[in-house]
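Structural overview
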Amino acid sequence: MRRVLVIGAPGSGKTTLATKVAAKLRVPVRYLDLHHWKPHWQYRDAAEARASVRRIAETPEWVMDGNFSETFDLRMPRAHSLIWLDYPRMTCIRRILMRTINDDGRPKPDLPEGCPEGFDFGVLRFAWRFPAESKPRVFEHIGRFGGHLRVFRLCNDHDVAEFSRVHGIA
């Protein structure tokens, strides 16, 4: 595994796992939020974001953290593996709320400058709708662009712990 995608609903643990996988593989972790958002949560121009993701995807090694299904066509063909954190909706919602309470207003390395963590109804809505709206697209995109991928679909903390144990991820 030299190019790995980590996807899943908000609150599923993408950033945490992507960071750990990248450290284990000794490859750069690429947080896609940094390429899709500008300061103050302004969405970056789609063409600009896509060009940025293309440049990353063309590099020889990476772990990419983020969904942004509009760039699956750039990322999936280049990836070796896909880690899909397919957690239950309520687990993700609970984690988002806890993260909001614990990290409110603090900058994070996976977010652009000027985009502090905070309560965001849009993120909750996206997490709530993820199973019905995004999950079918993930299956579709794997079929179209990722038939070669080694897919790890992890559905709970036990699955992640077992995956981490098997792959020597701390």
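Here goes a summary of the coordinates provided. Predicted, not measured: the structure shown is a model, and the values here were computed from it. (Residues numbered from 1 in each chain as written. Predicted model: local features only at pLDDT ≥ 70, side-chain atom pairs only at ≥ 80, totals over all residues. Heavy atoms only, no water.)

1. Focus on the nonpolar core
For the record, the criterion: To qualify as a nonpolar core, a set must consist of buried Ala, Val, Leu, Ile, Met, Phe, Trp, Tyr and Cys residues joined through side-chain atoms within 4.5 Å. The buried label goes to any residue with under 20% of its type's maximum accessible area, the exposed label to any with over 50%, and the partly exposed label to all in between, with areas taken from a 1.4 Å probe on protein chains only. For helices the rule is a DSSP run of H or I covering at least 4 residues; for strands it is a run of E covering at least 2, with both sets numbered from the N terminus onward. We call two residues in contact whenever any of their non-hydrogen atoms come within 4.5 Å of each other.
Of all hydrophobic cores here, the largest spans 39 residues; its most connected members are Val21, Val63, Ile83, Leu85 and Leu154. By residue number, the principal contributor to this core is helix H1 (residues 14–25), which donates 5 residues. What Leu85 contacts, discounting residues up to four positions off in sequence, is Val6, Ile7, Gly8, Ala9, Ser12, Gly13, Lys14, Leu17, Leu154 and Val160.

2. Observations concerning the packing of aromatic side chains
Aromatic ring pairs: the centre-centre distance and the angle between the two ring planes describe each pair. Stated formally: Between rings of Phe, Tyr and Trp, where Trp is taken as its six-membered ring, a pair exists when centres lie within 6.5 Å; planes separated by under 30 degrees are stacked, by over 60 edge-to-face, and by other angles tilted. Two thresholds decide whether a charge sits over a ring: the Lys NZ or Arg CZ must be within 6 Å of the ring centre and within 35 degrees of the ring normal.
For the structure on display, the rule yields 5 aromatic pairs. Between Trp37 and Tyr43 the ring centres are 5.1 Å apart and the planes differ by 80°, which places this aromatic pair in the edge-to-face class. Residue classification places Trp37 among the partly exposed residues on the basis of a relative accessible area of 22%. By relative accessible area, Tyr43 is classed as partly exposed at 41%. By way of ring pairs, the aromatic residues Trp37, Trp41 and Tyr43 are connected into one cluster. Its guanidinium or amino end placed over the ring of Trp128, Arg89 lies 4.2 Å from that ring's centre, counting from NZ or CZ.

3. A short note on the packing of helix H5 (residues 89–103) against helix H6 (residues 121–145)
Selection rule: Helix axes use the C-alpha atoms of the stretch in contact, all axes being lines fitted to C-alpha atoms, and the angles between their N-to-C directions lie in the range 0 to 180 degrees. Throughout, the term roughly parallel applies to angles under 35 degrees, roughly antiparallel to angles over 145, roughly perpendicular to angles from 65 to 115, and oblique to all others. If you view the pair so one helix is near and one far, a crossing is left-handed when the near helix is turned anticlockwise from the far one by less than a right angle, and right-handed when it is turned clockwise. Any residue that is not Ala, Val, Leu, Ile, Met, Phe, Trp, Tyr, Cys, Pro, Asp, Glu, Lys or Arg is counted as polar, Gly included; the first ten are nonpolar and the last four charged.
At a minimum axis separation of 9 Å, H5 and H6 run at an interaxial angle of 165°. When the interaxial angle is binned, H5 and H6 end up roughly antiparallel. By crossing handedness, the relation of H5 to H6 is classed as right-handed. Where H5 abuts H6, its residues Arg89, Met90, Ile93, Ile96, Leu97 and Arg99 lie against Val123, Leu124, Ala127, Trp128 and Pro131. In terms of residue class, the contact of H5 with H6 is built from 9 nonpolar, no polar and 2 charged.

4. Some details on unusual backbone geometry
One non-glycine residue with positive phi stands out, namely Arg26, at about 60°. The class of Arg26 is exposed, set by a relative accessible area of 77%. Phi at Phe68 takes a positive value of approximately 45°, unusual for a residue other than glycine. Turning to its location among the elements, Phe68 is positioned in the loop between strand S5 (62–65) and helix H4 (72–75). Under the relative-accessibility criterion, Phe68 is labelled buried at 14%.

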